[in-house]
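Residue-level structure breakdown
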Amino acid sequence: MRVAVFSTTSYDRRFLDAANDHRHELDYYEPSLSAATAPLAGKAQAVCAFVNDTLDAPCLERLAEGGIRLIALRCAGFNNVDLKAARANGIMIARVPAYSPHAVAEHTLALILTLNRKTHRAYNRVREGNFSLEGLLGFDLHGKTIGVVGTGKIGQVMLRILKGFGCNCLAVDPYPDPDVEALGVRYVSKAELLAQSHIITLHCPLTPETHHFIDEAAIRACRPGVMLVNTSRGGVIDTRAVITGLKSGAIGSLALDVYEEESELFFRDRSAEIIRDDLFARLLTFPNVLMTGHQGFFTQEALTNIAEITLENIDVFAQTGRPVHVVEMA
Ligand code: NAI
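Read on for an overview of the structure. (Residues numbered from 1 in each chain as written. Predicted model: local features only at pLDDT ≥ 70, side-chain atom pairs only at ≥ 80, totals over all residues. Heavy atoms only, no water.)

What to know about the sheet that holds strand 11 (residues 251–256)
Read across the open sheet, the seven strands follow the order 8-7-6-9-10-11-12; overall the sheet is parallel. Both edges of this open sheet fall to strand 8 (186–187) and strand 12 (289–291), since each of them pairs with a single strand only. (Pairing = 2+ DSSP bridges. Helix = DSSP H or I, 4+ residues; strand = E, 2+ residues; numbered from the N terminus.)

Structural notes on the sheet that holds strand 1 (residues 2–5)
Pairing within the open sheet is parallel, and its five strands lie in the order 2-1-3-4-5. One side of each edge strand has no neighbouring strand; the edge strands of this open sheet are strand 2 (25–28) and strand 5 (92–94). Here the strands of the sheet are splayed against their neighbours by 25° on average, with no regard to which way each runs. Here helix 1 (residues 10–20) sits on the sheet in contact with strand 1 and strand 2, set at roughly 175° to strand 2. (Axes fitted to C-alpha atoms, helices over the stretch in contact; angles between N-to-C directions. Contact = heavy atoms within 4.5 Å.)

Description of empty space enclosed by the protein
Enumeration over the complete set of coordinates arrives at two cavities of 30 Å³ or more. Within this model, the largest cavity holds a volume of roughly 80 Å³. Mapped onto the lining of the largest cavity, the elements with two or more residues apiece are helix 1 and helix 12 (300–320). In terms of residue count, the dominant contributor to the lining of the largest cavity is helix 1 (four residues). Looking at side-chain class alone, the lining of the largest cavity contains eight nonpolar, no polar and two charged residues. If you add up the space inside the second largest cavity, you get close to 30 Å³. Taken together, V3, V5, L16, L26, C48, T310, L311 and I314 make up the lining of the second largest cavity. Breaking the lining of the second largest cavity down by element, the ones donating at least two residues are strand 1 and helix 12. Tallying contributions element by element places helix 12 first for the lining of the second largest cavity, with three residues. Across the lining of the second largest cavity, the residue classes tally to seven nonpolar, one polar and no charged. (1 Å grid on protein atoms, 1.4 Å probe; cavity = no way out; pocket = protein on both sides within 12 Å on 5 of 7 lines; lining within 4 Å. Points joined across faces, edges and corners; volume = space filled by probe spheres on them. Nonpolar A, V, L, I, M, F, W, Y, C, P; charged D, E, K, R; others polar.)

Some points on the pattern of salt bridges
Counted under the stated rule, the structure contains eight salt bridges. When the shortest N-O distance is used, the salt bridge between D27 and R2 registers 2.8 Å. Residue D27 is located in strand 2, and its partner R2 is located in strand 1; the two are separated by 25 residues in the primary sequence. Among the salt bridges present, the one from R220 reaches E216, with a minimum N-O distance of 3.5 Å. With R220 and E216 both in helix 9 (residues 216–221) and four residues apart, this pair spans about one turn of that helix. (Salt bridge = Lys/Arg side-chain N within 4 Å of Asp/Glu carboxyl O.)

Looking at the site of the ligand
Around the ligand lies a shell of 23 residues, among which Y99, K153, I154, D173 and D257 are the nearest. The contact in question runs from a nitrogen atom of the ligand to an N or O atom on the backbone of T231, over 3.0 Å. Burial of the ligand by the protein amounts to 84% of the accessible area it has alone, namely 870 Å². Taken atom by atom, the bulk of the ligand overlaps the largest pocket. Broken down by class, the residue content of the shell around the ligand amounts to 10 nonpolar, nine polar and four charged. (Near = heavy atom within 4 Å. Polar contact = N/O pair within 3.5 Å; in protein donor to acceptor, adjacent residues only side chain to side chain. Areas by Shrake-Rupley, 256 points an atom, 1.4 Å probe, with all protein chains shown as cover. Sits in = over half its atoms within 2 Å of the grid points.)

Some words on the nonpolar core
Counting 52 residues, the largest nonpolar core has L33, V47, L55, L63, I71, L73 and I93 as the members making the most contacts within it. Considering every element that reaches this core, the biggest residue donor is helix 12, with eight residues. Here L63 is in contact with L33, A38, A41, V47, L55, I68, I71 and I91, once residues within four sequence places are set aside. Counting 32 residues, the second-largest nonpolar core is a separate cluster that includes I200, V226, A241 and L256. (Core = buried A, V, L, I, M, F, W, Y, C linked by side-chain atoms within 4.5 Å. Buried < 20%, exposed > 50% of the residue type's maximum accessible area, 1.4 Å probe, protein only.)

This is the structure we're talking about:
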């Protein structure tokens, strides 16, 4: 099949080419996919898209007009796709449901440890000959209460890691899992998780129910000085409310790998550009905020799995008219 691959970088090409082994004709495009760039798909029969591509109704209509019948997402989340419009336009959506929950959980741990022990600041200090420890005080993770929101694949790996550190783990999930309870994790209400946790880490998908899960009221209900960590999707926290919480001290520290408006910023070198997003720019000014640009998934193992499962979706669609991991409408 001929496949138009959007939002591509050098690493996408490298891993997709290796997995493809010349089976399909892959046309690589650097721009992200939107209604404006959809015509680039040209004569392709399938499109391969990523997390921040805008697969809204106008984009899907254009792709359908061009003959696209499959969109193979090379990610797990599909909150950027208008599924109703996809169905109306006869386009199937495939995704990569799991590629390495370890990659995201381990990155989350890196953020927690860095933010707590301030190794990002210590690194710079030592390079400048400043060996003062003022301002670098952290706390033991051992014995602390950690609240995990969403105990799916990533949340479960996170809980196993945290249990290894000797943490007391609480969880919130509408579908409690006995395997999680067997780890000694207690499912509690959102109110109890907020009130008890020293650290709250988010591992749920972005849905209408989880949109702004952490808002002004939730921050008020948190333990004062809580560490908040979001490696799920930006929209799960209300950025304005979090900035207010950081200013008042209600939030003691914040780690983000995702941001509500990240599609305008992430996955590109913008170091010579002016950042026009004032909320993002404000976040950058806090010494107790640590941000990475949606790199939780970025390991060799995850990229290999993403490429292989994406190609498998395309292979099986070419043979049967239905990809392996099809996204069904709820
Ligand atoms: P999963 O589908 O295995 O688990 C999600 C869990 O969240 C499920 O157990 C579900 O019941 C739970 N959930 C749903 N609604 C909830 C609610 N209202 N409150 C609490 N829990 C709720 O998904 P997985 O693989 O663990 O991924 C989780 C999220 O991580 C993804 O949806 C995606 O947004 C994000 N992600 C981030 C990456 C990164 O690079 N930073 C990479 C991959 C995923």
